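Okay, here's what each chain looks like letter by letter:
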Amino acid sequence: MCTMGNNCDSKYGKSLDDILSIKSSFISSNDELVKEREMQADILKSQKKRETCKICGSVLPSEHLFFTRDIPYFECSKCGHINSGYDDTEDFAAKLYIEQPYGSTYHEASRETYETRLKNIYTPKAEFMVETLKKEGLECEDIHLLDDGAGSGYFVEAASRLGCDAKGIEVSSTQVRFGNEMSGKENLTAVSGAEATQFVKDTKCNVISFIGVLEHITNLKDVIDAVRENENIKYVYCSVPMFSFSVIFEDVFRGCFNRQLGGGHTHLYTDSSLAYMADMMGFEKCASWKFGSDMMDLYRMLSVELEKNGNKGLNGVLHDKFLPLLNDMQLLVDKSEFASEIHMVLKRKDS
Ligand SMILES: [Zn+2]
């Protein structure tokens, strides 16, 4: 069921096979990742209390919805957004997102890894955007894309290879340098956080994308306002982490890496808070694609725990019996509207 009304297109599921090898590092590096998450949680807990909702600005209720890993989470009574009890201040962002030296990033990500990520993860996203916009009457050459928070430019390159005019902005100069080197183009520009908002205000592009970005933006309200006020922007493509089954699994398996609710994710979207945010932008849902990794997370956590128990035999059985069911189980979760990730194309409402 689409809770955002209108004539939106809803799509569910994506094979998890493509990301199996990428996610397997989450199992082998579990303890290091948990340690990093604990340090990040300590940084969050040292921030001031969050009093208002990250999306709609309403005062948060006095009672939390749940507590996990020493952090309370509040459900906004107005828009339904899930907010941590501590604020993601500028200080939090500065301490969390530390620039990695260029050399280390470059050597880890070889040409082959770059092409695999591009093909398996970013090209399907770019195709979903292009197919949706085609139904709206836009051909690839009509798509002028600004990707905000472009990272190493995977999405920009994927859209570009499909024939779109695509550019990206990114705060990490390391990733910009790497991305431009890999693509052989100068499509990525390094900007500061404040410059990024100004780019959104000034862009002539008709499509703007935020892929796994909105949840990390400290001045989110300013960015939402900038999108609404720049009428050149007709479509927004975004993907965000959702309040979902993964959050529950993460609380049960506390010795396992909490990918969904931890680190830079201090708040999570729900269908209703997404609809609220789209409305604040002056946009409405055009199409959505839900494909989470809840069941992959569950598999990973079961596997980590079995390994910790020294039960290699049962871990092997889990591998043989669970993995073949993974895609079917995740599809069921995706259709339940409680999956860990959503991709959406939003369209500016007719004024
Ligand atoms: Zn709210």
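### A look at the packing of helix H10 (residues 245-252) against helix H12 (residues 294-308)
- At a minimum axis separation of 8 Å, H10 and H12 run at an interaxial angle of 15°. Of the possible angle classes, the one that applies to H10 and H12 is roughly parallel. By crossing handedness, the relation of H10 to H12 is classed as left-handed. Of the residues in H12, those touching H10 at Phe-245, Ser-246, Phe-249 and Glu-250 are Asp-294, Asp-297, Leu-298 and Met-301.
- The residue inventory of the contact of H10 with H12, partitioned by class, reads four nonpolar, one polar and three charged.

### A few points about the sheet that holds strand S8 (residues 207-211)
- Ordered in space as S1-S11-S12-S9-S8-S5-S6-S7, the eight strands form an open sheet in which the pairing is mixed. Every interior strand has two partners, whereas the edge strands, strand S1 (9-12) and strand S7 (188-190), have only one. Taken over all neighbouring pairs, the strand axes of this sheet differ in orientation by 20° on average, direction set aside.

### Topic: the domain arrangement of the chain
- What the domain assignment reports for the chain is domain 1 (13-105 + 242-341) and domain 2 (136-239).
- Between the C-alpha centres of domain 1 and domain 2 the distance comes to 23 Å.
- Between domain 1 and domain 2, the contact holds 23 residues from the first and 22 residues from the second.
- Taken over both partners, the interface formed by domain 1 and domain 2 buries close to 2000 Å², and the fraction arising from carbon and sulfur atoms is 63%.
- Scanning the region where domain 1 abuts domain 2 turns up zero salt bridges.
- Put simply, domain 1 and domain 2 have six residue pairs in polar contact (both at pLDDT 80 or more) between them.

### A look at the nonpolar core
- Grouped together as the largest cluster of nonpolar side chains are 38 residues, with contacts concentrated most on Phe-210, Leu-214, Val-236 and Tyr-269.
- At the level of secondary structure, the elements contributing two or more residues to this core comprise helix H8 (193-202), S8, helix H9 (220-229), strand S9 (235-241), helix H11 (271-281) and strand S12 (341-348).
- Counting contributing residues per domain, this core is built from domain 1 (13-105 + 242-341) and domain 2 (136-239), each supplying no fewer than three.
- When sequence neighbours within four positions are dropped, the list of residues in contact with Val-236 reads Ile-208, Phe-210, Val-227, Met-281, Phe-283, Met-344, Val-345 and Leu-346.
- Listed in part, the 34 residues of the second largest apolar core include Leu-118, Tyr-122, Phe-155 and Cys-164.

So, how was this worked out
- Residues numbered from 1 in each chain as written.
- Predicted model: local features only at pLDDT ≥ 70, side-chain atom pairs only at ≥ 80, totals over all residues.
- Heavy atoms only, no water.
- Axes fitted to C-alpha atoms, helices over the stretch in contact; angles between N-to-C directions.
- Helix = DSSP H or I, 4+ residues; strand = E, 2+ residues; numbered from the N terminus.
- Parallel < 35°, antiparallel > 145°, perpendicular 65-115°, else oblique.
- Left-handed = near helix turned anticlockwise from the far one by under 90°.
- Contact = heavy atoms within 4.5 Å.
- Nonpolar A, V, L, I, M, F, W, Y, C, P; charged D, E, K, R; others polar.
- Pairing = 2+ DSSP bridges.
- Domains from an automatic or database assignment.
- Buried area = accessible area lost by both parts, 1.4 Å probe.
- Salt bridge = Lys/Arg side-chain N within 4 Å of Asp/Glu carboxyl O.
- Polar contact = N/O pair within 3.5 Å; in protein donor to acceptor, adjacent residues only side chain to side chain.
- Core = buried A, V, L, I, M, F, W, Y, C linked by side-chain atoms within 4.5 Å.
- Buried < 20%, exposed > 50% of the residue type's maximum accessible area, 1.4 Å probe, protein only.

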